[in-house]
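Structural features, examined
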Amino acid sequence: MARNAEKAMTALARFRQAQLEEGKVKERRPFLASECNELPKAEKWRRQIIGEISKKVAQIQNAGLGEFRIRDLNDEINKLLREKGHWEYRIKELGGPDYARIGPKMLDHEGKEVPGNRGYKYFGAAKDLPGVRELFEKEPLPPPRKTRAELMKDIDAEYYGYRDEDDGILEPLEQEHEKKVIAEAVEKWKMEREARLARGEEEEEENIYAVHEEESDEEGSKEREGEDGQQKFIAHVPVPTQQEIEEALVRRKKMELLQKYASETLLAQSEEAKTLLGL
């Protein structure tokens with residue numbers, strides 16, 4: 001009986017509620033915000049949109065809804081956010097507060113915006129959808145460029161090739177190649193010498209260490225032979241004698257003393273005397 005009474009009361013309550021709402025027409029939100037000319041109604045529709053956004057943001061947190069349902073919910077949330085912006089602009093036109101500047105933006109900040117795609121946001125599980133996750137991955141930073149001082153730290157003798165022989169591989173190869181080249185040069189020289197001998201064109205080999213008179217300098221061009229009769233090297237530049245060196249040192253010492261102890265007048269007189277004497 002109790003259950004039947006409860007059912008009757010429930011049916012009665014529904015009937016009573018239907019009677020109270022009889023004659024009332026449920027008002028729908030205008031499609032365009034510009035069609036509303038009353039400030040209280042505009043704020044009412046804005047609050048209604050905020051409630052719908054809150055419900056859908058709560059629903060989209062469930063990753064088990066499936067990819068297509070999540071994408072649809074995310075599109076609906078973005079559409080409602082745009083509509084909310086239109087109503088806030090309309091409220092400002094009707095003399096109401098500027099919600100775009102002073103209003104709470106918690107719902108907008110819950111979404112994550114793709115760089116370069118301003119306006120469209122991804123909420124909840126939509127941020128982990130395939131193709132969307134890659135958009136939010138940050139590119140790795142490029143490696144920092146080394147300064148000139150850091151580059152110079154790694155430059156040593158090995159950089160310029162001075163230690164190429166230390167590896168124990170290059171030097172034996174060079175020695176082997178050098179022997180081969182020398183052997184080929186000697187063989188070529190022997191063949192040319194035999195050919196000249198066969199033609200009877202034997203010539204005396206030129207002494208590459210001999211010094212000819214026309215190659216000597218004018219200031220020291222005479223060949224000088226030592227006590228043992230051997231040729232000595234010839235100086236091709238004027239070499240001062242010991243006496244000339246001593247005289248130059250004495251003159252230099254005199255000039256230093258004059259500059260140190262003599263006055264400018266005395267120095268000028270000394271220069272005039274030298275000029276007159278032709279020194």
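Think of each chain on its own: its residues are numbered from 1, step by step along the sequence as written. Local features in this predicted model are restricted to residues whose pLDDT is 70 or higher, and side-chain atom pairs enter the listing and the counts only when it is 80 or higher, whereas totals over whole chains, interfaces and linings include all residues. Water and hydrogen atoms were dropped before computing side-chain values, which therefore reflect all heavy atoms in the structure.

The numbering of helices and of strands both runs from the N terminus, where a helix is a DSSP run of H or I of at least 4 residues and a strand a run of E of at least 2. A count of helical and extended segments in the chain gives ten helices and two strands. Secondary structure elements of the chain occur, N-terminal to C-terminal, as α-α-α-α-α-β-β-α-α-α-α-α. Exposure classes here rest on a 1.4 Å probe applied to the protein chains alone. A residue is buried below 20% of its type maximum, exposed above 50%, and partly exposed in between. Looking at the chain as a whole, 16% of its 279 residues qualify as buried. Every residue pair with non-hydrogen atoms within 4.5 Å of one another is taken to be in contact. Look at the contacts in the chain between residues 6 or more apart in sequence, and 47% of them connect residues 24 or more apart. Accessible area for the chain stands at about 24,400 Å²; split by element, carbon and sulfur atoms hold 53% of it. Method for areas: the Shrake-Rupley scheme with a 1.4 Å probe, in which residue coverage is limited to the protein chains shown.

Relative to the assigned elements, lysine 56 resides in helix α2 (residues 39-59). In the structure, lysine 56 is positioned 20 residues away from glutamate 76 in sequence and 8.1 Å away in space, judged by C-alpha atoms. Apart from residues lying up to four places away in sequence, lysine 56 is in contact with Leu73, Glu76, Ile77 and Leu80.

What follows deals with the layout of surface pockets. When its volume is computed, the largest pocket comes out at roughly 500 Å³. In terms of lining, the largest pocket is formed by 19 residues, of which the most central are Arg29, Pro30, Phe31, Leu80 and Glu83. Every element with two or more residues in the lining of the largest pocket is listed here: α2 and α3 (67-93). Put simply, Ala, Val, Leu, Ile, Met, Phe, Trp, Tyr, Cys and Pro go in the nonpolar bin, Asp, Glu, Lys and Arg in the charged bin, and everything else, Gly too, in the polar bin. Classifying every residue of the lining of the largest pocket by side-chain character gives seven nonpolar, two polar and ten charged. Buriedness of a pocket was judged along seven lines, with at least five required to meet protein on both sides within 12 Å; pockets are open sets of points on a 1 Å grid over the protein atoms alone, cavities are sets where a 1.4 Å probe fits but cannot get out, and lining residues have an atom within 4 Å of a point. Grid points are joined across faces, edges and corners, and a volume is the space filled by probe spheres set on the points.

On to a negative patch on the surface. On the surface, Asp154, Asp156, Glu158, Asp164, Glu165, Asp166, Asp167, Glu171, Glu174 and Glu178 cluster together into a negatively charged patch. Looking at where glutamate 171 falls in the secondary structure, it is placed in helix α8 (residues 170-199). By relative accessible area, which is 37% here, glutamate 171 ends up partly exposed. Patch building starts from residues that exceed 30% relative accessible area and form no salt bridge, then joins like charges within 9 Å and nonpolar side chains (Val, Leu, Ile, Met, Phe, Trp, Tyr) within 5 Å. Whenever Lys or Arg places a side-chain nitrogen within 4 Å of a carboxyl oxygen from Asp or Glu, that contact is recorded as a salt bridge. Positive residues here are Lys and Arg, negative ones are Asp and Glu, while His and the chain termini are left out of the count. For the purpose of locating charges, the reference atoms are NZ of Lys, CZ of Arg, CG of Asp and CD of Glu.

An α-helical turn contains 3.6 residues, so a residue and the one three or four places further along point in the same direction. Each helix should span, by expectation, one fewer than its residue count multiplied by 1.5 Å. When the terminal C-alpha atoms of α2 are compared, their 31 Å separation across 21 residues agrees well with the 30 Å that a helix rising 1.5 Å per residue should span. The set of residues buried in α2 consists of Ala42, Trp45, Arg46, Ile49, Ile53, Lys56 and Val57. Projected down its long axis, α2 carries its buried residues within an arc of 115°, all on one side. Turned more than 90 degrees from where α2 packs its buried face, Pro40, Arg47, Lys55 and Ala58 sit exposed. What the arc describes is the spread of directions from the helix axis to the C-beta atoms.

This part is about a nonpolar patch on the surface. Taken together, the side chains of Tyr159, Tyr160 and Tyr162 make up a nonpolar region of the molecular surface, amounting to roughly 450 Å² of accessible area. Take tyrosine 159: it is sitting in the loop between α7 (148-153) and α8. We classify tyrosine 159 as exposed; its relative accessible area is 55%.

By convention a nonpolar core is built from buried Ala, Val, Leu, Ile, Met, Phe, Trp, Tyr and Cys residues, the set being connected through side-chain atoms within 4.5 Å. With 23 residues, the main nonpolar core has Ile53, Ile60, Ile70, Ile77, Trp87, Phe123 and Ala126 as its most contacted residues. Not counting residues within four places of it along the chain, the set of residues in contact with alanine 126 comprises Ile60, Ile70, Asn74 and Val132.

Below, the discussion takes up the pattern of salt bridges. This model, assessed by the stated rule, comprises nine salt bridges. Residue arginine 29 is joined to glutamate 83 by a salt bridge in which the shortest nitrogen-to-oxygen separation is 3.0 Å. With arginine 29 in the loop between α1 (2-20) and α2 and glutamate 83 in helix α3, this residue pair connects regions lying 54 residues apart in the sequence. Between glutamate 88 and lysine 84 there is a salt bridge whose closest N-O contact spans 3.1 Å. Of the two residues, glutamate 88 and lysine 84 are both situated in helix α3; the distance of four residues between them amounts to about one turn of the helix. The pair formed by glutamate 88 and lysine 84 is uniform in burial state, with each residue classed as buried. Through salt bridges with shared partners, a single ionic network connects Arg29, Glu52 and Glu83.

The way to describe two aromatic rings as a pair is by their centre distance and the angle between their planes. Think of it this way: a Phe, Tyr or Trp ring, Trp meaning its six-membered ring, pairs with another when their centres are within 6.5 Å, and the plane angle makes it stacked under 30 degrees, edge-to-face over 60, tilted otherwise. If you walk through the whole model with that rule in mind, you get two aromatic pairs. Aromatic pair tyrosine 120 and tyrosine 122: ring centres 5.1 Å apart, planes at 70°, arrangement edge-to-face. In this structure tyrosine 120 comes out as partly exposed when scored by relative accessible area, which is 21%. For the pair tyrosine 159 and tyrosine 160, a centre-to-centre distance of 5.2 Å together with 90° between the ring planes defines the contact as edge-to-face. Comparing tyrosine 159 with tyrosine 160, the two get one shared label, exposed. Charges are assigned to positions over rings by a cutoff of 6 Å between ring centre and Lys NZ or Arg CZ, combined with an angular limit of 35 degrees from the ring normal. Cation over ring: arginine 46 sits above tyrosine 99, and NZ or CZ is 3.7 Å from the ring centre.

Interpretation in functional terms is not warranted from these geometric data alone.
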